[in-house]
Amino acid sequence: RRFLNANDAALNFYGWDKETLLSKRIEDVNTLPAETLAEELKKAFNREKIKFDLKHRLADGSVRDVEAYSKRVEIDGHDRILSIIHDVTDRKVAERELQRTVKELKKITLTVISALEVTMNLRDPYTAGHQVRVTALAMAIAERLYLDEERRDALRFASMIHDVGKIKVPSEILNKPGKLNRLEFAMIKEHPLVGRNLFTEVDFKVPISEIIYQHHERLDGSGYPLGIKGDEILLEARILAVADVVEAMSSHRPYRHSLGTEAALEEISRKRGILYDSDVVSACTKVFEEGFEFPPEAASKNFGL
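Residues numbered from 1 in each chain as written. Predicted model: local features only at pLDDT ≥ 70, side-chain atom pairs only at ≥ 80, totals over all residues. Heavy atoms only, no water.

Considering helix α14 (residues 278–289)
A rise of 1.5 Å per residue sets the reference length of α14, with its 12 residues, at 16 Å; its end C-alpha atoms lie 16 Å apart and thus fit the reference within 8%. Restricting attention to buried positions, one finds in α14 the residues V280, V281, A283, C284, T285, V287 and F288. Against α6 (130–144), α12 (235–250) and α13 (261–270) lie the buried residues of α14. Where α14 starts, the residue carrying a side-chain oxygen 2.9 Å from the main-chain nitrogen of D279 turns out to be D277. Downstream of α14 by a residue or two, G291 has a phi angle that is positive, lying close to 105°. (Helix = DSSP H or I, 4+ residues; strand = E, 2+ residues; numbered from the N terminus. Expected span 1.5 Å × (residues − 1). Buried < 20%, exposed > 50% of the residue type's maximum accessible area, 1.4 Å probe, protein only. Contact = heavy atoms within 4.5 Å. Polar contact = N/O pair within 3.5 Å; in protein donor to acceptor, adjacent residues only side chain to side chain.)

Quick look at the structure:
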């Protein structure tokens, strides 16, 4: 596997004169293991693949990121591989730096959200750890549904502070041991809007503010505050809704004892396709069958970042 020809641009890029470059083997410039390289060349030869992301070694010993566009061509009656090489090192460096910056921003965002979550726990001891447990279940469901990383991150952040809007609700209402009256319940129902307004400016591809806003919506339109239906509700909000209901029913509240996880799963199964997304309910049931347990501690956790 040798170079058969090269143009002036290739000679300038690799740093060898033409005679030297044509004496080289592909393995001399490509950093892939020999077996892997052979497989990649085979894909190009069989027209199974055109674009390759590689690292090539130059005459001065440096290694550059390249994109290679390769295909089989016929030259003088022989099948050859023709490759066009683009130096993308600067772009790759910028991409890696952007990834590092995004990761740092996620850590900062998580720290701020965790502080909010702890503050809410101090204000409302009966639901201490509620959002952490909801987050744990929501992330287990999301993984079961194969959500991509960006959507999981948005769901994670939204889950950890989905009830942040309750900070506007008086403590005596949050911790009331009896049934809420109409006015008190109306105040509780404002918390998705308050939470949305707090996080509208947080820039995510999947807006966490909208997940927070929709987590009390239901498939049949009976939820609040918008009364939207079906696929009008973000999938992340549908996941959060199921996780929220299951955790709430499984935990003690000022106005009742825990109903238990079994009862919670029966509830969402009975109302799947009516109030709750069927795929989400199936995923939730499955993760419990596979041994999922709510984290017992009330302190905030780093969920995968």
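Now that the structure has been shown, the text picks up again.
Description of a nonpolar patch on the surface
A cluster of nonpolar side chains, contributed by I50, Y69 and I84, occupies part of the molecular surface with about 290 Å² of accessible area. Within the secondary structure, Y69 is located in strand β2 (residues 63–75). (Patch = residues over 30% accessible without salt bridge, like charges linked within 9 Å, V, L, I, M, F, W, Y side chains within 5 Å. Areas by Shrake-Rupley, 256 points an atom, 1.4 Å probe, with all protein chains shown as cover. Salt bridge = Lys/Arg side-chain N within 4 Å of Asp/Glu carboxyl O.)

Some points on the packing of aromatic side chains
Inspection of every chain in the model, using the stated rule, returns six aromatic pairs. Consider the rings of F13 and Y14, whose centres lie 4.9 Å apart with planes at 70°: the pair is edge-to-face. Accessibility classification places F13 together with Y14 in one group, the buried group. Relative to Y224, the ring of F185 lies with its centre 6.3 Å away and its plane at 80°, an arrangement referred to as edge-to-face. Note that F185 is positioned in helix α9 (residues 182–188) and Y224 in the loop between α11 (208–214) and α12, a separation of 39 residues in sequence. (Phe/Tyr/Trp six-rings, centres within 6.5 Å; stacked < 30°, edge-to-face > 60°.)

Observations concerning the sheet that holds β2
Taken in spatial order, the three strands line up as β1-β2-β3 in an open sheet, and their pairing is antiparallel. Both outer strands of the open sheet, β1 (51–57) and β3 (78–87), are each paired with one neighbouring strand and no more. Here the average twist between neighbouring strands, direction ignored, is 45°. Strands in contact with helix α5 (residues 89–123) are β1, β2 and β3; relative to β2, the strand with the most contacts, it is inclined by about 130°. (Pairing = 2+ DSSP bridges. Axes fitted to C-alpha atoms, helices over the stretch in contact; angles between N-to-C directions.)

Regarding the packing of α13 against α14
Interhelical geometry of α13 versus α14 gives an angle of 155° and a closest axis separation of 10 Å. The angle between α13 and α14 places the two elements in the roughly antiparallel class. In this structure, the crossing between α13 and α14 has a hand that is left-handed. Between α13 and α14, the residues in contact are T261, L265, I268 and S269 and V281, C284, T285 and F288, respectively. (Parallel < 35°, antiparallel > 145°, perpendicular 65-115°, else oblique. Left-handed = near helix turned anticlockwise from the far one by under 90°.)

That is the geometry; function is a separate question.
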